[in-house]
Amino acid sequence: MNALKEVGGACWRCKFLRKTCGPETPCRPCPSNAESSSWVTLGCQRGPFKIPDINLCPSKPAIGSPVEDEPNLDETNVSKDPSGVGTVLRSLEIAGYNTSWLDEENDTKFKGKDEVFASRAIETRTLILQEISNAHDLAGSLLTSSDLSSDLSPVKEGVLAAVWEILHCDPTCGILDNNILSDEHGDFGYLARLLSSAAVCQANTKSNQLIAQSVICLRTCAQALRAKQAGLLERHWHRQCPRRDCRFECISTVNMHLQLYLNELSRVFFNGDNMRNPHAWWLSTFYNFCIQSVVRKALIDLTSCPSTNQVHWDGFSAQQYLHLPVRLFIASTAALDLANSKGGLSYVDFPKHANRLLQNNEILGLMLAVEQPKWESSNITCTSMYLNRLFGFEDDGRYITFDYR
């Protein structure tokens, strides 16, 4: 027992499948590489989820970037004014989220400042609010009027705050290009449906805050993208930064919220009741991964060198963001495949004493949010393959099996 504790406890597969684990790695119950199993792609992993070594503060040079090609300190504003970024930071704050954006009565004043941007922002706000209303109506009896104000309003405002930041990002940054079923770029339609349906799911989910945490991660990454577009991720601005504590708050908060999110994700996955009853957390976890796939796109963009298109020294970690948790989700819940359940939930064998039963209209809302009717034309045959595509897995789900040995 002590030997097992020293290596981090039982591996993930043994925990989920209630096998007797050992201290060796890989442990004996885990399948060998010769077997075709979703657990093989995961490997023998132990302990809570850990954040990849993603450091958005470019205090080290980009991979392949010669040091001599970077500006000398004397050639930058840093030598003249150590806080020379103050003007840029203030401009970012001016464009920061303002709750007055939610009030239609302020639209005329809003358009007076920047009519082009204001028109786009108002159109997007209307779209988000309409999609949330549609998702709420579809949820039907799951949410009462009191639920709408007490549970849905906070996450709805969180979604709007994230969208506000994204609206200020360069449309070419890629954060809006995560719809794997379409070649259309910079369209809010897919993201609006996903975030709106997820917001209603979060309002109806009392057991975890995965979706809310994911929306916060999305907002902070969008803020960091704005900082990058303003030139604040150029290395010469960060020569005074400690290794793990960037002096720019919009950068340092990203890793903080990623860690808070992973703490919640670990709590949800490795809770004993949840491991025995995956139906209780499957829906919110699937939504959260869909949102986090957009976060991953933002992290990849943030860790790329702005001038040479080379990968920042932490860019490879960004590519691998959430790969292990997603693979664990696929391996442990693959038999559910709820987003692809054309015949509803009648085939699902829910536990007799489950404290959370999914409803058909919840699954219908999810299918609309992820555009499931288009999956077949994109050669996507199951939920696990959809997640594989979102997170760029090379195997694309070809080795995913319903292995519950």
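Structural data are supplied above this passage.
Conventions adopted
- Residues numbered from 1 in each chain as written.
- Predicted model: local features only at pLDDT ≥ 70, side-chain atom pairs only at ≥ 80, totals over all residues.
- Heavy atoms only, no water.
- Helix = DSSP H or I, 4+ residues; strand = E, 2+ residues; numbered from the N terminus.
- Buried < 20%, exposed > 50% of the residue type's maximum accessible area, 1.4 Å probe, protein only.
- Areas by Shrake-Rupley, 256 points an atom, 1.4 Å probe, with all protein chains shown as cover.
- Salt bridge = Lys/Arg side-chain N within 4 Å of Asp/Glu carboxyl O.
- Disulfide = S-S within 2.5 Å.
- Core = buried A, V, L, I, M, F, W, Y, C linked by side-chain atoms within 4.5 Å.
- Contact = heavy atoms within 4.5 Å.
- Phe/Tyr/Trp six-rings, centres within 6.5 Å; stacked < 30°, edge-to-face > 60°.
- Axes fitted to C-alpha atoms, helices over the stretch in contact; angles between N-to-C directions.
- Parallel < 35°, antiparallel > 145°, perpendicular 65-115°, else oblique.
- Left-handed = near helix turned anticlockwise from the far one by under 90°.
- Nonpolar A, V, L, I, M, F, W, Y, C, P; charged D, E, K, R; others polar.
- Expected span 1.5 Å × (residues − 1).
- Polar contact = N/O pair within 3.5 Å; in protein donor to acceptor, adjacent residues only side chain to side chain.

Colleague: Please provide a residue-by-residue account of the overall build of the protein chain, values included.
Modeller: Helix and strand counts for the protein chain come out as 17 helices and 0 strands. When burial is assessed residue by residue, the protein chain has 54% of its 405 residues classed as buried. As displayed, the protein chain has an accessible area near 19,000 Å², and 50% of this comes from carbon and sulfur atoms.

Colleague: Explain unusual backbone geometry to me, using residue names and the numbers behind them.
Modeller: A cis amide bond links Thr25 to the next residue, Pro26, at an omega of 0°. Here Pro26 shows up in the loop between helix H2 (12-17) and helix H3 (38-42). In this model, Leu322 sits at a positive phi of 65°, which is unusual for a non-glycine residue. Mapped onto the fold, Leu322 is located in the loop between helix H14 (315-319) and helix H15 (323-333). Looking at Leu322, the relative accessible area reads 4%, which means it is buried. Positive phi, close to 60°, is recorded for Asn379, a residue that is not glycine. Take Asn379: its relative accessible area is 57%, and that puts it in the exposed class.

Colleague: Can you break down the pattern of salt bridges residue by residue, with the values?
Modeller: According to the stated counting rule, one finds 6 salt bridges in the structure shown. With a closest N to O distance of 2.4 Å, Glu165 and Arg226 form a salt bridge. Residue Glu165 is found in helix H8 (residues 145-167), and its partner Arg226 is found in helix H10 (residues 210-229); the two are separated by 61 residues along the sequence. Take Glu165: its relative accessible area is 2%, and that puts it in the buried class. Between Lys374 and Glu371 there is a salt bridge, with the nearest N and O atoms lying 3.8 Å from each other.

Colleague: Summarise the state of the cysteines; cite the residues concerned and give the values.
Modeller: In total, this model carries 0 disulfides according to the counting rule given. No disulfide involves Cys11; its sulfur sits 3.5 Å from that of Cys14, the nearest cysteine. On the accessibility criterion, Cys11 (1% relative accessible area) is buried. Free of any disulfide, Cys221 has its nearest cysteine sulfur in Cys217, 6.6 Å distant.

Colleague: So what's going on with the nonpolar core? Residues and values would help.
Modeller: Within the largest apolar cluster, 106 residues are counted, with the highest numbers of intra-cluster contacts made by Phe269, Phe286, Phe289 and Leu299. Per-element accounting of this core gives the leading share, 12 residues, to helix H13 (residues 282-302). Beyond its immediate chain neighbours, meaning those up to four positions away, Leu299 contacts Ile54, Leu56, Cys221, Val254, Leu258, Ala318 and Tyr321. Counting residues in each nonpolar core, the second largest holds 8 residues, with Leu4, Ala10, Cys21 and Cys44 among its members.

Colleague: Just give me the short version of the packing of aromatic side chains, but keep the residues and values in it.
Modeller: Aromatic rings considered in pairs are described by the distance between their centres and by the relative angle of their planes. Scanning the entire structure with this criterion turns up 18 aromatic pairs. Here the aromatic rings of Trp282 and Phe329 are separated by 5.9 Å at their centres, their planes lie at 35°, and the arrangement is tilted. Of this pair, Trp282 sits in helix H13 while Phe329 sits in helix H15, and the two are 47 residues apart along the sequence. The class of Trp282 is buried, set by a relative accessible area of 1%. Residue classification places Phe329 among the buried residues on the basis of a relative accessible area of 1%. Relative to Phe391, the ring of Phe289 has its centre 6.3 Å away and its plane inclined at 90°; by these criteria the two rings are edge-to-face.

Colleague: A description of the packing of helix H7 (residues 115-139) against helix H9 (residues 188-203) should follow, citing residues and the corresponding values.
Modeller: Where H7 contacts H9, the two axes come as close as 8 Å, and the packing angle between them is 45°. Taken together, the axes of H7 and H9 are oblique relative to one another. Viewed along their axes, H7 and H9 form a crossing whose handedness is right-handed. Residue-level inspection shows Arg120, Thr124, Leu127, Ile128, Glu131, Ile132, Ala135, His136 and Ala139 of H7 in contact with H9, the latter providing Phe188, Gly189, Ala192, Arg193, Ser196, Ser197 and Val200. Of the residues in the contact of H7 with H9, the class split is 8 nonpolar, 5 polar and 3 charged.

Colleague: Provide a residue-level description of H10, including the pertinent values.
Modeller: Here H10 spans 29 Å end to end across 20 residues, near enough to the 28 Å set by a 1.5 Å rise per residue. The element H10 is extensively covered by neighbouring structure, given that 16 of its 20 residues are classed as buried.

Colleague: If you had to explain the side chain of Ser266 to someone new, which residues and values would you point to?
Modeller: With respect to the secondary-structure elements, Ser266 resides in helix H11 (residues 249-269). Looking at Ser266, the relative accessible area reads 8%, which means it is buried. Of the polar contacts made by the side chain of Ser266, one reaches the backbone nitrogen of Phe49; its length is 2.9 Å. Those residues in contact with Ser266 that sit more than four places away from it in its chain are Pro48 and Phe49.

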